[in-house]
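Read off the chains here:
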Amino acid sequence: MGFFDAVGKGISAAGKSMDNLNREMAKYLERYQNLSREQLMEKYNSMFATTGEKMAIKKIMRDRGWS
C-alpha cells in the first residue's frame, strides 16, 4: 500500500464520520426544537451528551438568539 492509498483511506473515513455526525445532529435538531432554554442547557451540560447533540443544541440556541 502506497502513501497516497493510505491518505485516500483516511480521507474517506473522515468523510463517513462527518456524514454520521451530520445525521446525528439533524436527529437532535428535530427532537429538541421545542425545548426551553433551561432544558437545552441541562442536556448540553450532561456528561452523557454526544458531540452531535451538543452541536444541535448550540445551533438551536444560536437560532433563537441565545448565544
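Residues numbered from 1 in each chain as written. Predicted model: local features only at pLDDT ≥ 70, side-chain atom pairs only at ≥ 80, totals over all residues. Heavy atoms only, no water.

This part takes up the overall build of the protein chain. When you go through the protein chain residue by residue, the secondary structure sums to 3 helices and 0 strands. Listing the helices and strands of the protein chain from first to last along the sequence gives α-α-α. Put simply, the protein chain has 67 residues, and 21% of those count as buried. In the protein chain, once contacts between residues fewer than 6 apart in sequence are set aside, the share between residues at least 24 apart is 62%. Accessible area for the protein chain stands at about 5,100 Å²; split by element, carbon and sulfur atoms hold 55% of it. (Helix = DSSP H or I, 4+ residues; strand = E, 2+ residues; numbered from the N terminus. Buried < 20%, exposed > 50% of the residue type's maximum accessible area, 1.4 Å probe, protein only. Contact = heavy atoms within 4.5 Å. Areas by Shrake-Rupley, 256 points an atom, 1.4 Å probe, with all protein chains shown as cover.)

Let us look at the pattern of salt bridges. Once the charged atoms of two side chains with opposite charge are near each other, the side chains can pair. One pass over the full model with this rule turns up 1 salt bridge. For D63, the salt bridge is made with K59, and the minimal N-O distance between the two is 3.1 Å. In this pair, D63 and K59 are both assigned in helix α3 (residues 51–63), 4 residues apart and thus about one turn of the helix distant. (Salt bridge = Lys/Arg side-chain N within 4 Å of Asp/Glu carboxyl O.)

What follows deals with the environment of A56. Inspection of the secondary structure puts A56 in helix α3. In sequence terms A56 and Y28 are 28 residues apart; their C-alpha atoms lie 6.0 Å from each other. Residues in contact with A56, not counting those within four places in the same chain, are M25, Y28 and L29.

Right, let's talk about the nonpolar core for a bit. A general tendency of soluble globular proteins is for nonpolar side chains to be buried together. Core analysis: the biggest nonpolar cluster contains 10 residues, these being M25, Y28, L29, Y32, L35, L40, A56, I57, I60 and M61. Elements supplying a minimum of two residues to this core: α1 (3–32) and α3. (Core = buried A, V, L, I, M, F, W, Y, C linked by side-chain atoms within 4.5 Å.)

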